[in-house]
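# Commentary on secondary and tertiary structure
Listed below, chain by chain, are the residues.
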Amino acid sequence: MEIKIVKQILEWNEDVSSGIQDELRQKNVFLMNVMGSPGAGKTSLIRQLIAALRDRYSIAVIEGDIAGQIDADAIKALGIPVVQLQTDGACHIEALSIQHILPMFELDSIDLMIVENIGNLVCPAEFNIGEDLRVSILSVPEGDDKIEKYPLMFSTTDALVINKSDVRPYFDFDEVRAKRDQENANPHAPVFSVSCRTGEGVSDFIEWLADRIDGKLSAASGEGMRGSGSEEKNAAKATEGVKK
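Residues numbered from 1 in each chain as written. Predicted model: local features only at pLDDT ≥ 70, side-chain atom pairs only at ≥ 80, totals over all residues. Heavy atoms only, no water.

### Observations regarding the sheet that holds strand β4 (residues 112-116)
Ordered by their spatial adjacency, 7 strands build an open sheet running β3-β2-β4-β1-β5-β6-β7, and the pairing between neighbours is parallel. Looking at which strands have only one partner, the edges of the open sheet turn out to be β3 (82-86) and β7 (191-193). Averaged over neighbouring strand pairs, the angle between their axes works out to 20° when direction is ignored. Direction of pairing for strand β6 (residues 159-163) relative to β7: parallel, over a ladder of 3 bridges. (Pairing = 2+ DSSP bridges. Helix = DSSP H or I, 4+ residues; strand = E, 2+ residues; numbered from the N terminus. Axes fitted to C-alpha atoms, helices over the stretch in contact; angles between N-to-C directions.)

Right under this line is the structure:
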């Protein structure tokens, strides 16, 4: 009985996820799902992305947390439209929550929407939220064995970011092993070694990400490279992007 309930939830989630994809395709919005452990550096990476890409795309953020709004406040301080999603104990974000939040944004004024998922290496990987791209973050202090221990997270990701590379000398972290395990889990997902504190390696990941954003936005609009943004969406950057 319990197994059937889980199956129904997952099937229902997939239906909602497909609806989100259809809506964001019509609105020409790229949705990115950022996953990783608590403290891996999800918010730090998002802040790096905002700094590098805010002149190229109109960006909005959905911050997922079990409680509190520390990360949402940090994003708001950057002048970026943000909605806080509190799960009150749930270990993941489901597509229905994203569906409920989307009307809070002015989607016509957004190019890139980033979702920071709940800090967890298990549950978030099981639920699609309508994303175009999944990015998983593994920080050096967590250890190089996490890909082998939590295979679903890393087998379903589109890219792996190994964060906090600047502290590698202080930890027994075998990056060769981590990259080998990622290759075994998903050979199509590139691996980027970065430090969000120093900025090392971040530009390589940003270039890779921008290519994928441009690919979707170009295909949806038929306008060629959308990276510099359409006149309509660039004009809308003067607004906050979140409905009052």
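### Topic: the pattern of salt bridges
Applying the stated criterion across every chain yields a total of 13 salt bridges. Across the salt bridge formed by D132 and K216, the nearest N and O atoms sit 2.9 Å from each other. With D132 in the loop between β4 and β5 (133-139) and K216 in helix α8 (residues 202-221), this pair connects stretches of sequence that are 84 residues apart. For R197, the salt bridge identified is with D166, shortest N-O distance 2.8 Å. Here R197, found in the loop between β7 and α8, pairs with D166, found in the loop between β6 and α7 (175-185); they are 31 residues apart in sequence, far enough to count as distant. A relative accessible area of 67% places R197 in the exposed class. Counted as one network, the salt bridges with shared partners bring together D144, E148, R177 and D181. (Salt bridge = Lys/Arg side-chain N within 4 Å of Asp/Glu carboxyl O. Buried < 20%, exposed > 50% of the residue type's maximum accessible area, 1.4 Å probe, protein only.)

### A look at the nonpolar core
Core analysis: the largest hydrophobic core is formed by 34 residues, its most contacted members being M32, I59, V61, L112, I114, F205 and L209. Taken together, the elements giving at least two residues each to this core come down to β1 (30-36), α2 (42-53), β2 (59-65), α3 (70-76), β4, β5, β6 and α8. Considering every element that reaches this core, the biggest residue donor is α8, with 8 residues. Beyond its immediate chain neighbours, meaning those up to four positions away, L209 contacts F30, M32, L49, L53 and L133. By size, the runner-up hydrophobic cluster in this structure holds 21 residues, among which are L24, V83, I93 and I101. (Core = buried A, V, L, I, M, F, W, Y, C linked by side-chain atoms within 4.5 Å. Contact = heavy atoms within 4.5 Å.)

### Here's the deal with the state of the cysteines
All chains considered together, the criterion is met by 1 disulfide. What pairs with C91 in a disulfide is C123, and their sulfur atoms sit 2.5 Å apart. Here the disulfide of C91 and C123 is left-handed, its torsion about the S-S bond being about -85°. Residue C91 is located in the loop between β3 and α4 (95-101), and its partner C123 is located in the loop between β4 and β5; the two are separated by 32 residues in the primary sequence. By relative accessible area, C91 is classed as partly exposed at 26%. (Disulfide = S-S within 2.5 Å.)

### With respect to the environment of V122
Along the polypeptide, V122 turns up in the loop between β4 and β5. Taking the C-alpha atoms as reference points, V122 and M35, separated by 87 residues in sequence, lie 9.8 Å from one another.

### Considering the packing of aromatic side chains
This model, assessed by the stated rule, comprises 3 aromatic pairs. For the pair F192 and W208, a centre-to-centre distance of 5.7 Å together with 55° between the ring planes defines the contact as tilted. Linking F192 in strand β7 with W208 in helix α8, this pair joins segments that are 16 residues apart in sequence. Here the two residues F192 and W208 agree in accessibility, since each one is buried. Summarising the aromatic geometry, the rings of F205 and W208 are spaced 6.1 Å apart at their centres and angled 25° between planes, so their arrangement reads as stacked. Taken together, the residues F205 and W208, both in helix α8 and 3 residues apart, mark about one turn of the helix. One aromatic cluster is present, formed by F192, F205 and W208 through successive ring pairs. (Phe/Tyr/Trp six-rings, centres within 6.5 Å; stacked < 30°, edge-to-face > 60°.)

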